[in-house]
Amino acid sequence: MSNTPRRNILELNNVSMNFGGLKAVDSLSFSIKEKEIVGLIGPNGAGKTTIFNCITQFYKNYDGDITLHKNDDSTIDLRDIHVTQVIDQGIARTFQNLELVPDLSVLDNVLVGAHNQYKTGIIKHILRFPAKKEEAQIRKKAIEILEFMGLNAIKDLYAKGQPYGIRKKIEIARTLMSNPQLIILDEPAAGLNDSETDELERLIYKIRDEFNTAIVLIEHDMGFVMNICERVCAINFGKFIAMDTPKKIQAHPEVQEAYLGKDD
Ligand SMILES: Nc1ncnc2c1ncn2[C@@H]1O[C@H](COP(=O)(O)OP(=O)(O)OP(=O)(O)O)[C@@H](O)[C@H]1O
Ligand SMILES: [Mg+2]
């Protein structure tokens, strides 16, 4: 990696999110650089998924600001973006609980991730007017992504019935359809065995390099986080503890305290 400083692409500034009296996220500020692999860690209930839900505008009533600096140099206050349009701005995500359509094929599940790329309006699409060519291009891209992810051999099979590790890969494949600038993964290694976790690690590097995207991931598997992430942001009770290299985070007294008594 070159030594030129990388610009920030996502900035959270004093973000807070309350549920009734509970401060799930409490004045949190941190930023993600372009092509950076960042881990977000913290004990159960620390507020990690809530932060992802604020970034992706699933929750709108947070305090503070979440700003996206796009590749075209424009800056966007994500609050101005509807949850369904966040993907058009270059942010794609996977979920803590798998969200695939079980009765669609693997290929169709990946094609779902391309809905933002149909330039032809939906009516023309239904009439199948000039959409054929566009559809063929998008299909070709989906197949390339499935090849990239090592899923091509099962593209016509149903998503349901696929092993858990494969279904997780399908979800990641889907994020790649939207030309993301930032991919956010909620517990991508959860439920994977050791060899699947190793493979995921290699895939994440490959995605970063080939798709030029930053990746921010929530993960409880500390070995995985410390191996793969350039920087780790640690939180507890919704509050920022520290953001630093994996080594420094591991040695950080407050991080150790937050995890005291935990086996992982
Ligand atoms: N929709 C909601 N309504 C009310 N409380 C919520 C809601 N979502 C989360 N919380 C609460 O906010 C806090 C943070 O939850 P969150 O799911 O963000 O934690 P997390 O760090 O992702 O935890 P885990 O590691 O278990 O996935 C928890 O106390 C949780 O119970
Ligand atoms: Mg969570």
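The shown structure was predicted, so the numbers you read here are calculated from the model rather than taken from an experiment.

Visitor: Any chance you could explain the overall build of the protein here in plain terms?
Guide: The helix and strand inventory of the protein stands at nine helices and 10 strands. On C-alpha atoms alone, the protein measures out to a radius of gyration of 19 Å, which is about the 18 Å that the 2.2 N^0.38 rule sets for 264 residues. Summarising its shape, the C-alpha atoms of the protein cover approximately 60 × 45 × 40 Å along the three principal directions. Looking at the protein as a whole, 51% of its 264 residues qualify as buried. The contacts of the protein with a sequence gap of at least 6 include a subset with a gap of at least 24, amounting to 68%. Accessible surface, the protein: about 13,000 Å² in total, of which carbon and sulfur atoms supply 51%. Of note, the protein has its 32 positive side-chain charges centred 5 Å away from the centre of its 37 negative side-chain charges.

Visitor: Whenever I open this one, unusual backbone geometry confuses me. Can you help?
Guide: Residues other than glycine seldom take positive phi values, yet glutamate 187 does so here, at roughly 55°. Relative accessible area serves as the criterion here: at 11%, glutamate 187 is assigned to the buried category. Unusually for a residue other than glycine, phenylalanine 237 sits at a positive phi of about 50°. Note that phenylalanine 237 resides in the loop between strand E9 (231–236) and strand E10 (239–244). On the basis of relative accessibility, which here comes to 65%, the residue phenylalanine 237 falls in the exposed class.

Visitor: Whenever I open this one, the domain arrangement of the protein confuses me. Can you help?
Guide: Interface size is commonly expressed as the accessible area that is lost once the parts come together. Domain annotation for the protein reports domain 1 (1–90 + 180–264) and domain 2 (103–179). Centre-to-centre separation of domain 1 and domain 2, based on C-alpha positions: 26 Å. Taken together, the contact pairs 22 residues of domain 1 with 15 residues of domain 2. Counting each side, the surface lost to burial between domain 1 and domain 2 is near 1,400 Å², with a carbon and sulfur contribution of 69%. On the domain 1 side of the contact with domain 2, Ile87, Pro180 and Phe211 bury the most area, a combined 35% of that side's loss. If you look at where domain 1 meets domain 2, you find one salt bridge.

Visitor: Explain the site of ligand 1 here, please?
Guide: Around ligand 1, 15 residues are found, and the nearest of them are Gly45, Lys48, Thr49, Thr50 and His220. Glycine 45 is positioned with one of its backbone polar atoms (N or O) 2.9 Å from an oxygen atom of ligand 1. Measuring from an oxygen atom of ligand 1, one finds a backbone N or O atom of glycine 47 at 3.0 Å. When the free accessible area of ligand 1 is taken as 640 Å², the share hidden by the protein chains comes to 64%. When residues in the shell around ligand 1 are grouped by element, the largest group, three residues, is from helix H1 (residues 48–55). Among the residues forming the shell around ligand 1, the class breakdown is six nonpolar, seven polar and two charged.

Visitor: Please explain the environment of histidine 220 as it appears in this structure.
Guide: On the secondary structure map, histidine 220 appears in the loop between strand E8 (214–218) and helix H7 (222–228). Measuring from C-alpha to C-alpha, the distance between histidine 220 and alanine 190 comes to 7.6 Å, with 30 residues separating the pair along the chain. Within the structure, the side chain of histidine 220 is placed 3.3 Å from the side chain of glutamate 187, a separation counted as a polar contact.

Visitor: Looking at this structure, how should I read the pattern of salt bridges?
Guide: For side chains of opposite charge, pairing can occur when their charged atoms come near one another. The full count for this structure, using the stated rule, is 12 salt bridges. Residues joined in a network through salt bridges with shared partners are Arg6, Arg208, Asp209 and Glu230.

Visitor: How do you make sense of the nonpolar core when you look at a structure like this?
Guide: In this structure, Ile41, Met149, Met177, Ile204, Ile207 and Leu217 are the most contacted members of the largest nonpolar core, which totals 46 residues. Setting aside chain neighbours within four positions, we find leucine 217 in contact with Ile37, Val38, Gly39, Leu40, Phe52, Leu185, Pro188, Ile204, Phe224, Val225 and Cys229.

Visitor: Whenever I open this one, the packing of aromatic side chains confuses me. Can you help?
Guide: Aromatic rings in a pair are described by how distant their centres are and how their planes are angled relative to each other. By the definition in use, this model includes three aromatic pairs. A ring pair is formed by phenylalanine 58 and tyrosine 59, whose centres lie 5.4 Å apart and whose planes are at 50°; its orientation type is tilted. Taken together, the ring pairs in this structure connect Phe19, Phe58 and Tyr59 into an aromatic cluster. We note lysine 160 situated over the ring of tyrosine 158; from NZ or CZ to the ring centre the distance is 5.2 Å.

Visitor: Before we go on, may I ask you to explain the side chain of histidine 69 in this structure?
Guide: Structurally, the position occupied by histidine 69 is in strand E4 (residues 63–69). In this structure histidine 69 comes out as buried when scored by relative accessible area, which is 19%. For histidine 69, the side chain forms a polar contact with the side chain of glutamate 11, separated by 2.9 Å.

How each quantity is defined
- Residues numbered from 1 in each chain as written.
- Chains lettered and ligands numbered in written order.
- Predicted model: local features only at pLDDT ≥ 70, side-chain atom pairs only at ≥ 80, totals over all residues.
- Heavy atoms only, no water.
- Helix = DSSP H or I, 4+ residues; strand = E, 2+ residues; numbered from the N terminus.
- Rg over C-alpha atoms; globule rule 2.2 N^0.38 Å.
- Buried < 20%, exposed > 50% of the residue type's maximum accessible area, 1.4 Å probe, protein only.
- Contact = heavy atoms within 4.5 Å.
- Areas by Shrake-Rupley, 256 points an atom, 1.4 Å probe, with all protein chains shown as cover.
- Lys, Arg positive; Asp, Glu negative; His and termini not counted.
- Charge placed at Lys NZ, Arg CZ, Asp CG, Glu CD.
- Domains from an automatic or database assignment.
- Buried area = accessible area lost by both parts, 1.4 Å probe.
- Salt bridge = Lys/Arg side-chain N within 4 Å of Asp/Glu carboxyl O.
- Near = heavy atom within 4 Å.
- Polar contact = N/O pair within 3.5 Å; in protein donor to acceptor, adjacent residues only side chain to side chain.
- Nonpolar A, V, L, I, M, F, W, Y, C, P; charged D, E, K, R; others polar.
- Core = buried A, V, L, I, M, F, W, Y, C linked by side-chain atoms within 4.5 Å.
- Phe/Tyr/Trp six-rings, centres within 6.5 Å; stacked < 30°, edge-to-face > 60°.
- Lys NZ or Arg CZ within 6 Å of the ring centre and 35° of its normal.

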